[in-house]
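Descriptive analysis of the structure
One letter stands for each residue in the lines below.
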Amino acid sequence: MKSDRQGILKHIGRTPLVPLERIARGLSVLVKCEHMNPGGSIKDRIALAIVEDAEARGVLRSGMTLIEATAGNTGVGLALVAATRGYGLVCVMPEKMSIDKRLALAALGARVIITPNAPPSSPDNFRSVARRMAEENGWFLTDQFNNPANVRAHEETTGAEILEQTGGRVGAFVAGAGTGGTITGVGRRLKAALPGVRVVLADPLGSGLADWVETGRLGADGSYAVEGIGASEVPNNLHRDVIDAAERVSDEESFAMVRRLVREEGLLVGGSAGTNVVAALRIAARGGLDGPVVTVLPDSWDRYRAKPWMQGWAS
Ligand code: PMP
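It should be emphasised that the depicted structure is a prediction, and the values quoted were computed from it without experimental measurement.

**Describing unusual backbone geometry**
The backbone of Arg14 sits at a positive phi, close to 50°, despite the residue not being glycine. One can find Arg14 in the segment before strand E1 (17-19). A positive phi angle, near 55°, is found at Asp143, a position not held by glycine. Here Asp143 lies in the loop between strand E6 (140-141) and helix H5 (148-165).

**Description of the domain arrangement of the protein**
Along its sequence, the protein is carved into domain 1 (7-36 + 158-314) and domain 2 (43-141). Each of domain 1 and domain 2 has a C-alpha centre, and the two are 24 Å apart. If you look at the interface, domain 1 gives 22 residues, while domain 2 gives 18 residues. Buried area between domain 1 and domain 2, summed over both chains or domains, comes out near 1,700 Å², and the portion from carbon and sulfur atoms is 52%. Note that Arg127 is salt-bridged to Glu233, the shortest N-O span being 3.1 Å. In this structure, the connection of domain 1 to domain 2 is made through ten residue pairs in polar contact (both at pLDDT 80 or more). In terms of residue class, the side of domain 1 that touches domain 2 is made up of six nonpolar, five polar and eleven charged.

**Concerning the pairing of strand E3 (residues 65-69)**
Looking down a regular strand, the side chains alternate between one sheet face and the other. Of all five residues that make up E3, four are buried, and the element is covered over most of its length. Examined bridge by bridge, E3 and strand E4 (residues 88-94) share five bridges and lie parallel to one another. In the strand pairing of E4, Thr65 is matched with Gly88. Bridge analysis of E3 against E6 gives two bridges, and the strand direction is parallel. Within E6, the position partnered with Leu66 by the bridge is Phe140.

**Re the site of the ligand**
Neighbouring the ligand are 16 residues, the closest being Lys43, Gly178, Thr179, Thr182 and Ser272. For the ligand, an oxygen atom lies 2.7 Å from a polar atom in the side chain of Thr179. Taking Thr182, its side chain carries an N or O atom lying 2.6 Å from an oxygen atom of the ligand. Burial of the ligand by the protein amounts to 95% of the accessible area it has alone, namely 390 Å². Looking at the shell around the ligand residue by residue, the class counts come to four nonpolar, nine polar and three charged.

**Looking at the pattern of salt bridges**
The tally for this structure, following the rule as stated, stands at 19 salt bridges. Between Glu247 and Arg282 there is a salt bridge, with the nearest N and O atoms lying 2.8 Å from each other. Of this pair, Glu247 sits in strand E9 (residues 245-249) while Arg282 sits in helix H9 (residues 271-286); the two residues are 35 residues apart in sequence, bridging distant segments of the chain. Residue class for Glu247 comes out buried when judged on its relative accessible area of 8%. For Arg282, a relative accessible area of 23% gives the class partly exposed. A salt bridge links Glu264 to Arg260; the nearest nitrogen and oxygen atoms lie 2.8 Å apart. One end of the pair, Glu264, and the other, Arg260, are both in helix H8 (residues 251-265), four residues apart, so they sit about a helical turn from each other. Overall, the relative accessible area of 26% leaves Glu264 in the partly exposed class.

**A closer look at the sheet that holds E1**
In space, the six strands of this open sheet follow the order E1-E2-E10-E7-E8-E9, with mixed pairing throughout. Strands with a single pairing partner mark the edges of an open sheet, and in this sheet they are E1 and E9. For this sheet, the mean angle separating the axes of adjacent strands, direction not counted, is 25°. Across five bridges, the pairing between strand E8 (residues 198-204) and E9 is parallel. Bridge pairing in E9 places Ala202 opposite Glu247. Against the sheet, H9 contacts strand E2 (29-32), strand E7 (172-175), E8, E9 and strand E10 (293-296), and its axis sits at roughly 125° relative to E9.

**A few points about the pairing of E4**
Burial analysis of E4 places six of its seven residues in the buried class, the great majority of the element. Alignment of E4 against strand E5 (residues 111-115), held across five bridges, turns out to be parallel. Across the sheet, residue Cys91 finds its bridge partner in E5, namely Val112.

**Considerations on the side chain of Ser300**
Residue placement: Ser300 occurs in the segment after E10. Exposure remark for Ser300: the relative accessible area of 7% places this residue in the buried category. Ignoring any residue separated from it by four or fewer positions in sequence, one finds Ser300 in contact with His35, Gly40, Leu268, Val269 and Gly270.

Calculation rules
Residues numbered from 1 in each chain as written. Predicted model: local features only at pLDDT ≥ 70, side-chain atom pairs only at ≥ 80, totals over all residues. Heavy atoms only, no water. Helix = DSSP H or I, 4+ residues; strand = E, 2+ residues; numbered from the N terminus. Domains from an automatic or database assignment. Contact = heavy atoms within 4.5 Å. Buried area = accessible area lost by both parts, 1.4 Å probe. Salt bridge = Lys/Arg side-chain N within 4 Å of Asp/Glu carboxyl O. Polar contact = N/O pair within 3.5 Å; in protein donor to acceptor, adjacent residues only side chain to side chain. Nonpolar A, V, L, I, M, F, W, Y, C, P; charged D, E, K, R; others polar. Buried < 20%, exposed > 50% of the residue type's maximum accessible area, 1.4 Å probe, protein only. Pairing = 2+ DSSP bridges. Near = heavy atom within 4 Å. Areas by Shrake-Rupley, 256 points an atom, 1.4 Å probe, with all protein chains shown as cover. Axes fitted to C-alpha atoms, helices over the stretch in contact; angles between N-to-C directions.

Below you can see the structure in the form of structure tokens.
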């Protein structure tokens, strides 16, 4: 890790790990509060790691422009890093992502390009568009889906912190996968230290990844509203060898759990935190583990105020 981090960048990571006091009803489930990062999500970690890795390799120099295909959170992390390190930033996001995320990125000074909700094979897909624009303009594609610095950041920071904060006792680690960086990096670090730990993918119902974990073949592609996790193709940063099992979680279960996390635990988190906690509670309830179940709360509720699932909370 570099020692010349300026200002707020020094405060990325080292997030609290807290037990669910009320929702878990005596089961041991610990949640890592990634929504408390400066940019409001776990993605601050990889934004910083990817930029520092590219700087160290000499492929990124001050004044250049970064471009990323992002559901929003990586964009916010990159915007913090870009602002403090003197880079331009272009974010390409699919139109299904919340207006709150678009506004946040634009307010942070990023140029935002919205693409149709096109499948990965389409030239209009957000990742295809980012790749093409990087080539055409000579911009640096931070490439969170393929960049090994993403996985490494979670091995060296998120995973290492979990080991330290639990005193090396973890029964299972549960997380959804967008790029796969979190589950692959943390899973790898935990398995290196604790051979008996179980690593479980929390997957939205409608994503094809749970089938892939179980059979090696992607499941049917359906629609779901939870943002940032699940996929209809396997990202290069998602490695099946570290994953033991998968749990499928419906939108209804995820969003109901977010409301409980907010109201009963004071954890002000977004939809994928609900997915992770539903899966973590199931794993804890089945028992047979050598330690607590740990999961991450990837982002903050303030990204989702305009979403249908948060309407009606005030009534
Ligand atoms: N939750 C949210 C809200 C996200 O934005 C992301 C990243 N796309 C994830 C979870 C999944 O993290 P990872 O990319 O490390 O798999």
